[in-house]
Amino acid sequence: MPGQPSPQPTGGRQLWDDRSYAAAYGGLAAQNMQPPLSLYQQQQAYGQQLKLGVPGAGGIPQMPVLPMQYNYLPYAQYQQPAAPQLSEQDLDVIELARSKGLNPATFDCHPPYARFFVIKSYTEDDVQKSLKHEIWSSTVLGNKRLDAAYRESHERGPIYLFFSVNGSRHFCGVAEMISPVDETATSNVWAQDKWKGLFNVRWRMVRDVPTSALRHLRLTNTQDQKPITQSRDSTELPYDVGCAVLQIFLDHQHKSKTSLLQDFAYYERLSQTRDATPGAASPAHTAPHTPHQHAHVGMHPTPPPFMHGGRI
């Protein structure tokens, strides 16, 4: 028929060239718009022609299979936006977690002969330094208690430490004590330069577990049997209670939405600022704790509201 594009035979089916396709649909394809007929619509139209038994009935040419480039036009037109680029500090934190093997999917929550202690800190800054440098320092009494436990038991089972920042209303991680206390060693990484003695730790899990998830566990090894959430620094937990805390930390791998890792880049910047300003102290804050407000690593525009000024 004059004015209609001429289909070209290709082994029983007919395939239009680009010019015929554009002419048949008024040049829409040439204008880089969505194809007027989807592949499903094409098949419907083709089936209707066969039902009528008249190829080209109604002035519509017999529908061929379209060239592949036209079938995928909508995907080319509506591309997904590119993922945001992570900063160098964010990438460093990701590599830190990977290299230290943090937050494994499985964990032995009933290690034979293990011992468990609560570690309290007044500042999350110091906990971040422990995570980065794999060291810790307690008070004189705390160091003696932890050192004695390590020397008595480390050959039989691990010594696990459950960290919590005062006023935070959550525990923030689990580390393993892997050396005795060296009373002669010191470090200048802490927020306050007053802690004597060091021991090495290996961090196992870093995530926030609210005290509400732990309050039912009691210090059954003490007379008053208070909840473990009221423990003081270097308080030892009964074996069954410590195993239960490990299990709760593991179970929170899909429940916890915040962790110290989110603030890691912030504390790195804080440390750099402090090093560049001799005599500068770690910022103190006495307001009640609120959870992390940002869902991505290193996004704190201002100091987090749970930083305090020292350590028990």
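I will try to describe carefully the structure that is included in this document. (Residues numbered from 1 in each chain as written. Predicted model: local features only at pLDDT ≥ 70, side-chain atom pairs only at ≥ 80, totals over all residues. Heavy atoms only, no water.)

## Side note on the environment of Arg202
- Structurally, Arg202 is set in strand β7 (residues 199–210).
- Arg202 sits in the partly exposed class, given a relative accessible area of 36%.
- Between the C-alpha atoms of Arg202 and Tyr160, which are 42 residues apart in sequence, the distance is 9.5 Å.
- In this structure, Arg202 is in contact with Ala175, Glu176 and Ile178, ignoring residues within four places of it in sequence. (Helix = DSSP H or I, 4+ residues; strand = E, 2+ residues; numbered from the N terminus. Buried < 20%, exposed > 50% of the residue type's maximum accessible area, 1.4 Å probe, protein only. Contact = heavy atoms within 4.5 Å.)

## Digging into unusual backbone geometry
- In this model, Tyr113 sits at a positive phi of 65°, which is unusual for a non-glycine residue.
- Tracing the backbone shows Tyr113 in the loop between α5 (88–100) and β3 (115–121).
- Of the residues examined, Tyr113 reaches a relative accessible area of 54% and is grouped as exposed.
- Positive phi is not limited to glycine here, since Ser234 has a value of about 65°.
- Assignment of secondary structure puts Ser234 in the loop between β7 and β8 (235–237).

## A short note on the nonpolar core
- In terms of nonpolar packing, the biggest core is built from 35 residues, with Leu131, Leu161, Phe163 and Trp203 touching the most fellow members.
- For Phe163, the residues in contact, after removing those within four places along its chain, are Ile119, Val127, Ser130, Trp136, Phe171, Cys172, Gly173, Ala175 and Trp203.
- In terms of nonpolar packing, the next biggest core, distinct from the first, is built from 24 residues, Phe107, Ala114, Phe116 and Ile228 among them. (Core = buried A, V, L, I, M, F, W, Y, C linked by side-chain atoms within 4.5 Å.)

## Digging into the pattern of salt bridges
- Counted by the stated rule, this structure contains eight salt bridges.
- Linking Lys129 and Asp125 is a salt bridge whose minimum nitrogen-to-oxygen distance equals 2.8 Å. Note that Lys129 and Asp125 are positioned in helix α6 (residues 124–133) at a spacing of four residues, about one turn of the helix. Each member of the pair, Lys129 together with Asp125, is buried.
- The salt bridge partner of Lys132 is Glu268, with a shortest N-O separation of 2.9 Å. (Salt bridge = Lys/Arg side-chain N within 4 Å of Asp/Glu carboxyl O.)

## Thoughts on α6
- Burial analysis of α6 places eight of its 10 residues in the buried class, which makes it a mostly covered element.
- Taken residue by residue, α6 has Glu124, Asp125, Asp126, Val127, Gln128, Lys129, Ser130 and Leu131 as its buried positions.
- One side-chain oxygen of the residue at the start of α6 lies 3.0 Å from the amide nitrogen of Asp125, identifying that residue as Thr123.
- With its phi angle positive at about 60°, Glu134 sits one or two positions after the end of α6. (Polar contact = N/O pair within 3.5 Å; in protein donor to acceptor, adjacent residues only side chain to side chain.)

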